[in-house]
Protein chains: 2
Amino acid sequence: MSEDNVTTSTTQGRDPASLRRHNLRTLLGHLHLHGATSRVRLGEITGLTRSAIADLVAELTERGLATEAGPSQPQPGRGRPPLIVSPRDESAYVLALAVDVDTVRIGRVGLGGTLLRESATQYVPLPERPEEAVTVLSRMIRRETEAAEVSPLAMGVAVPGLVRAGDGVVTRAPNLGWRELALAERLREGTGFAGPVVVGNEARLAALAEHRRGAGRECADLVYVSAGVGVGGGVITRDRLLTGNTGYAGEIGHMVTNPAGHACHCGGRGCWETEIGTDALLRRAGMVTPGDRNAALAELVSRAHGSESEALETFRGMSHAAAVGLANLINIFDPCRVILGGLLRPTLLYAGDELRGALEELRGLPELPVELCPAELGEQGPMLGAAEAAVSSFLAGME
Amino acid sequence: MSEDNVTTSTTQGRDPASLRRHNLRTLLGHLHLHGATSRVRLGEITGLTRSAIADLVAELTERGLATEAGPSQPQPGRGRPPLIVSPRDESAYVLALAVDVDTVRIGRVGLGGTLLRESATQYVPLPERPEEAVTVLSRMIRRETEAAEVSPLAMGVAVPGLVRAGDGVVTRAPNLGWRELALAERLREGTGFAGPVVVGNEARLAALAEHRRGAGRECADLVYVSAGVGVGGGVITRDRLLTGNTGYAGEIGHMVTNPAGHACHCGGRGCWETEIGTDALLRRAGMVTPGDRNAALAELVSRAHGSESEALETFRGMSHAAAVGLANLINIFDPCRVILGGLLRPTLLYAGDELRGALEELRGLPELPVELCPAELGEQGPMLGAAEAAVSSFLAGME
DNA sequence: CCTATTTTGTTTTCACCTATTACAAATCAT
DNA sequence: ATGATTTGTAATAGGTGAAAACAAAATAGG
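Not measured: the values here are computed from a predicted model.

Participant: Break down the overall build of chain A for me, with residues and values.
Facilitator: When helices and strands are tallied, chain A shows twelve helices and 16 strands. Taking 399 residues into account, the globule formula puts the C-alpha radius of gyration at 21 Å, and chain A, at 23 Å, falls close to it. By principal-axis analysis of the C-alpha atoms, chain A measures approximately 65 × 55 × 45 Å. Counting all 399 residues of chain A, 58% fall into the buried class. Within chain A, residue pairs in contact and separated by at least 24 positions form 62% of the contacts whose partners lie at least 6 positions apart. Of the accessible surface of chain A, which amounts to about 16100 Å², a share of 48% is contributed by carbon and sulfur atoms. Side chains of chain A carry 39 positive and 48 negative charges; the gap between the two charge centres is 5 Å.

Okay, structure coming up:
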């Protein structure tokens, strides 16, 4: 079944002008994803001739989006050394924010995906009232942009909550106390920034980041799952992030994996996050919610790292519950890789055999090997994903 | 989050020639999906000018893919009456097959989606050995093609089993006794047909058909679920069928919804199809697998239709188990519509309130109303879907 | 050190596609 | 009948990448 859609997507070209836009986007997109590339290589990839590439690259450099230079190190082989085209980063960058309960990360990410040195992490307990939170965020953004000589190409924000696709409205973010907050619009007002502003769910954006820069490179179909207090996820299909109708696709935490399980705050029973979330893990470990959950978790992980049998057993005990949900996701999505973040990362590292074993048992299709990989980007995932979404948004709106 | 992919898809254009191919595809795709359209309207839709449309339409008519005619009924309004462009069907058609255990449907579907009158349903018990089955299918195809004066644009085949995307290999179809059968290739050999041959899973293809021609029209994100002996499904995202890495995406029958449930033939326990499949329903109804399951089912449905309370109660009893799986799918995919086929259709019709009620309880996001719709195409779904996949494949390979 | 070879960049010419513009045709409103 | 309106047609123009010829810069080999 090699079915492409009948009505081809609208992004692309009908007239010569949009044809050129498309080729420019393709080129810049490749530079962003794969870094410095020779002109000839670009031609091989895009199918364009050298002369066309020359012309297009000239436009990109004129616009300050790319640079050309002779090869930094001597090339092997005979002929004339190629010109290497690189994405610019210092002057062509996006601003990325990752909002969390007690942390706001802000970073400058250049084309090519490099986290520029100006990036910083600031710990700002956000005020309860969303309006004030917006003010705080706007101030942080202004401080970053005013320091720079050029304004960013786009901005991306990761939020732990439900974000409506398209308009960047945070429908609800229980941990932040936000409801129906038009974050993209407010930030645009609060900063006077005219370019694209994208807001997204942190897990979806982390999935995007892992796909492009982390454990999911060169993998067109993957599932990312991160377990924390809640369980979030994101799915990449054919190199694209699954959004669903409203942008909520990927809410896997409330997948019911055990109807006989514990009650969930969502009103249901046996949701996956009641089985493999932070509280479930601590419950298994016999640590009955002490003062600081994070500290308890860190201790548990370090004990497992030190091969203490009780801690290892805790993770092993969680592997079956994790496998049930993962098997479901694998059957549904047929990914070539599953990336595990948050608590599932130590679960994979310290109880990998048990997890894989449970999956083997549960899955209907042992023919297909699916790789289980630990997430590579850790806590930076959401911010890097916000940057990637911002870049994509800039590319989509180019010219 | 309005992120489009960075490296834009490869289907489209880099040079002027492929630009034209793209526009031709767009035009023909629109005609196929939406039927006869005036030239001016086509221009509005595609953004092309009247002269460009004229030129493109001329090529389509020359190739025998479209026809132009004056308006059949007088138009309202003033100016010169427009020329109406229609997809041809009699001379531009695809061949579609739907293979099942005791039935093989074969049909001719014209551009525009009309099931041509030459279409036929033939009941042919397929022989046990796959090789012979291929021979039977090839013969049926040859009979259809030889009768026609022009050969089909493409062929599509729906199979109750796992089909690898890309090469059309049936990995396994337990009910047919097939394993690793290169069906697309064999049919190409057996019929001498040179055009595209696509093979797909029947539920995925039915989902495609419902999307284009049935209960899922004008809905870009939908989930289709059909319960029978097994439970199959298909997902449409952004107007495209989800395939996953290998083509197996959508195997929702073995989603574990009740770890404490019955054993499943797949080796697992509590798979969704052990909860809502044919056997589960008959078990609930107290009909302990009599000779003919289909007859028993038909009786049950007709009793429910006649409002017999016991039959209604059977469907009501199944609604909760159905809702668990549906809630999971809704949380995962955020569709705007869920289409229910097979046994889930009567469940919706006769126990709709219970089903919706159970969903309300289970779902984390009551903000988002999701429509539940009965499938419209019934048993023709897989065949019509095969036709749609064939058309898409023809369009993708045009020129 | 010089030359042949190879690879890459540049320039020119050309073919293709759609936009633009002007004009013709067909219908309705008055 | 006449003008307004909408649609189709034809001719010209602008923009895009391809193709081909040429120039430049390196290596390999004597």
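Alright, that's what it looks like, and here's the rest.
Participant: How would you summarise the packing of aromatic side chains if you had to cite specific residues and measurements?
Facilitator: Following the criterion strictly, the structure yields three aromatic pairs over all chains and no others. Consider the rings of Phe333(A) and Phe333(B), whose centres lie 5.0 Å apart with planes at 50 degrees: the pair is tilted. In this pair, Phe333(A) is assigned in helix 10 (residues 309–333) and Phe333(B) in helix 10 (residues 309–333), connecting two distinct chains. Phe333(B) shares its class with Phe333(A); the two are buried. Judged by centre distance (6.0 Å) and plane angle (55 degrees), the rings of Phe315(B) and Tyr350(B) are tilted. With a gap of 35 residues between them, Phe315(B) in helix 10 and Tyr350(B) in helix 11 (residues 344–362) connect regions that are remote in the sequence. Here the basic side chain of Arg108(A) rests over the ring of Tyr93(A), its NZ or CZ set 4.0 Å away from the ring centre.

Participant: So what's going on with the sheet that holds strand 1 (residues 37–38) of chain A? Residues and values would help.
Facilitator: Residue and element names in this part refer to chain A. Ordered in space as 1-3-2, the three strands form an open sheet in which the pairing is antiparallel. Sheet topology places strand 1 and strand 2 (66–69) at the edges, where each strand pairs with a single neighbour. The pairing of strand 2 with strand 3 (residues 84–87) spans four bridges and is classified as antiparallel. Directly across from Glu68, in strand 3, lies its bridge partner Val85.

Participant: Kindly report on the pairing of strand 11 (residues 197–201) of chain A, identifying the contributing residues and their values.
Facilitator: All names here are of chain A. Burial analysis of strand 11 places five of its five residues in the buried class, the great majority of the element. Bridge analysis of strand 7 (residues 155–159) against strand 11 gives five bridges, and the strand direction is parallel. When the sheet's bridge partners are listed, Gly156 is paired in strand 11 with Val198.

Participant: Tell me about the interface of chain B and chain A, residues and numbers included.
Facilitator: Contacts between the two partners involve 80 residues from chain B, matched on the other side by 78 residues from chain A. When the two sides are added together, the surface that chain B and chain A hide from each other amounts to roughly 7000 Å², 59% of it contributed by carbon and sulfur. Counting the contacts that link chain B with chain A gives zero salt bridges. Where chain B packs against chain A, one counts 16 residue pairs in polar contact (both at pLDDT 80 or more).

Participant: Tell me about the nonpolar core, and name the residues and values.
Facilitator: Taken as a class, soluble globular proteins show a tendency for nonpolar side chains to be buried jointly. Formed by 91 residues in total, the largest nonpolar core has its most connected members in Val225(A), Phe333(A), Val225(B) and Phe333(B). For Phe333(A), the residues in contact, after removing those within four places along its chain, are Val223(A), Val235(A), Leu242(A), Leu242(B), Gly244(B), Asn245(B), Ala249(B), Ile332(B) and Phe333(B).

Participant: Go over helix 1 (residues 16–34) of chain A, please, and point to the residues and values.
Facilitator: For an α-helix, the turn length of 3.6 residues means that residues three or four places apart are oriented alike. With 19 residues, helix 1 of chain A ought to run about 27 Å at 1.5 Å a step, and its terminal C-alpha atoms sit 27 Å apart, in line with that. In the stretch just after helix 1 of chain A, Gly35(A) is the one whose phi turns positive, near 75 degrees.

Participant: I'd like a description of the side chain of Asn201(A), backed by residues and values.
Facilitator: All names here are of chain A. Topologically, Asn201 is positioned in strand 11. On the basis of relative accessible area, Asn201 is assigned to the buried category, the value being 7%. A polar contact is formed between the side chain of Asn201 and the backbone nitrogen of Ala203, at a distance of 2.8 Å.

Participant: I'd like a rundown of the protein's contact with DNA strand C, residues and numbers included.
Facilitator: In the vicinity of DNA strand C lie 25 residues, with Arg39(A), Arg80(A), Leu83(A), Asn23(B) and Thr49(B) positioned nearest. For DNA strand C, the backbone portion of the atoms within 4 Å of the protein, that is sugar and phosphate, comes to 69%. Within the side chain of Thr49(B), an N or O atom sits 2.7 Å from a phosphate oxygen of DNA strand C. Among the elements that take part in the surface near DNA strand C, helix 1 (residues 16–34) of chain B stands out by supplying three residues, more than any other. Class assignment for the residues of the surface near DNA strand C results in eight nonpolar, eight polar and nine charged.

Participant: Describe the protein's contact with DNA strand D, with residues and values.
Facilitator: Around DNA strand D, a shell composed of 26 residues is seen, among which Arg20(A), Asn23(A), Thr49(A), Arg80(B) and Leu83(B) lie nearest. Residue Gly47(A) places a main-chain N or O atom 3.5 Å away from a phosphate oxygen belonging to DNA strand D. At 3.4 Å, a side-chain N or O of Arg80(A) approaches a base nitrogen of DNA strand D. Taken together, the elements giving at least two residues each to the surface near DNA strand D come down to helix 1 and helix 3 (50–62) of chain A together with helix 2 (39–46) and helix 3 (50–62) of chain B. Tallied by class, the residues present in the surface near DNA strand D amount to nine nonpolar, eight polar and nine charged.

Participant: So what's going on with the relation of the copies chain B and chain A? Which residues, and what values?
Facilitator: Superposing chain B onto chain A takes a rotation of 180 degrees combined with a translation of 0.0 Å along the rotation axis, leaving an RMSD of 0.1 Å. Given the turn and translation reported, the copies of this chain are related as if by a two-fold rotation axis. The residues that chain B uses at the interface reappear at the interface of chain A in 96% of cases, marking a shared surface.

Participant: Got a sec to walk through unusual backbone geometry? Specific residues and values, please.
Facilitator: Even without being glycine, Asp334(A) reaches a positive phi, approximately 50 degrees. Checked against the element boundaries, Asp334(A) lands in the loop between helix 10 and strand 15 (337–342). If you check the backbone angles, Glu218(B) has positive phi at about 60 degrees while not being a glycine. Note on placement: Glu218(B) falls in the loop between helix 6 (202–213) and strand 12 (222–227). On the accessibility criterion, Glu218(B) (72% relative accessible area) is exposed.

Participant: Requested: an account of the sheet that holds strand 5 (residues 104–110) of chain B, with residues and values cited.
Facilitator: Consider a sheet: its strands pair through backbone hydrogen bonds, and that pairing is either parallel or antiparallel. Residues and elements named next belong to chain B. Strand order in this open sheet of five strands is 6-5-4-7-11, and the pairing throughout is mixed. Looking along the sheet, the strands with just one partner apiece sit at the ends: strand 6 (120–122) and strand 11 (197–201). Across the sheet, the mean angle separating the axes of adjacent strands is 15 degrees when strand polarity is ignored. Examined bridge by bridge, strand 4 (residues 93–99) and strand 7 (residues 155–159) share four bridges and lie parallel to one another. Looking across to strand 7, one finds that Leu95 is bridged to Met155.

Participant: Report on the environment of Leu83(A), specifying residues and quantitative values.
Facilitator: All names here are of chain A. As for its position among the elements, Leu83 is in the loop between strand 2 and strand 3. Note on Leu83: relative accessible area 36%, which makes it partly exposed. Separated by 97 residues in the primary sequence, Leu83 and Glu180 place their C-alpha atoms 50 Å from one another. The contacts of Leu83, once residues within four sequence positions are left out, are Thr37, Ser38, Arg39, Glu68, Ala69 and Gly70.

Participant: Account for the packing of helix 8 (residues 278–285) of chain A against helix 10 of chain A, naming residues and giving values.
Facilitator: All names here are of chain A. In the contact formed by helix 8 and helix 10, the axes pass within 9 Å of each other and the chain directions differ by 135 degrees. When the interaxial angle is binned, helix 8 and helix 10 end up oblique. Like other packed secondary-structure pairs, helix 8 and helix 10 cross with a definite hand, here right-handed. In this structure, helix 8 uses Leu281, Arg284 and Ala285 to contact helix 10, whose residues at the interface are Thr314, Phe315, Gly317, Met318 and Ala321. Looking at the contact of helix 8 with helix 10, its residues break down into five nonpolar, two polar and one charged.

Participant: I'd like to hear about the packing of helix 9 (residues 293–305) of chain B against helix 10 of chain B, residue by residue, with values.
Facilitator: Residues and elements named next belong to chain B. Axis separation between helix 9 and helix 10 bottoms out at 7 Å; the angle between their running directions is 105 degrees. When the axes of helix 9 and helix 10 are compared, the pair comes out roughly perpendicular. Residues Leu300, Val301, Arg303 and Ala304 of helix 9 lie in contact with helix 10, whose contacting residues are Ala311, Leu312, Thr314 and Phe315. Across the contact of helix 9 with helix 10, the residue classes tally to six nonpolar, one polar and one charged.

Participant: Explain the side chain of Arg337(B) residue by residue, including any values.
Facilitator: Residue and element names in this part refer to chain B. Assignment of secondary structure puts Arg337 in strand 15 (residues 337–342). For Arg337, a relative accessible area of 14% translates into the label buried. Within the local environment of Arg337, its side chain forms a polar contact with the backbone oxygen of Arg217, the two atoms lying 3.5 Å apart. Those residues within four positions of Arg337 in sequence are excluded, and the remaining contacts are Ala215, Gly216, Arg217, Cys219, Asp221, Leu222, Val223, Val370, Glu371 and Cys373.

Analysis parameters
Residues numbered from 1 in each chain as written. Chains lettered and ligands numbered in written order. Predicted model: local features only at pLDDT ≥ 70, side-chain atom pairs only at ≥ 80, totals over all residues. Heavy atoms only, no water. Helix = DSSP H or I, 4+ residues; strand = E, 2+ residues; numbered from the N terminus. Rg over C-alpha atoms; globule rule 2.2 N^0.38 Å. Buried < 20%, exposed > 50% of the residue type's maximum accessible area, 1.4 Å probe, protein only. Contact = heavy atoms within 4.5 Å. Areas by Shrake-Rupley, 256 points an atom, 1.4 Å probe, with all protein chains shown as cover. Lys, Arg positive; Asp, Glu negative; His and termini not counted. Charge placed at Lys NZ, Arg CZ, Asp CG, Glu CD. Phe/Tyr/Trp six-rings, centres within 6.5 Å; stacked < 30°, edge-to-face > 60°. Lys NZ or Arg CZ within 6 Å of the ring centre and 35° of its normal. Pairing = 2+ DSSP bridges. Buried area = accessible area lost by both parts, 1.4 Å probe. Salt bridge = Lys/Arg side-chain N within 4 Å of Asp/Glu carboxyl O. Polar contact = N/O pair within 3.5 Å; in protein donor to acceptor, adjacent residues only side chain to side chain. Core = buried A, V, L, I, M, F, W, Y, C linked by side-chain atoms within 4.5 Å. Expected span 1.5 Å × (residues − 1). Near = heavy atom within 4 Å. Nonpolar A, V, L, I, M, F, W, Y, C, P; charged D, E, K, R; others polar. Least-squares fit on C-alpha atoms with pLDDT ≥ 70 in both. Axes fitted to C-alpha atoms, helices over the stretch in contact; angles between N-to-C directions. Parallel < 35°, antiparallel > 145°, perpendicular 65-115°, else oblique. Left-handed = near helix turned anticlockwise from the far one by under 90°.

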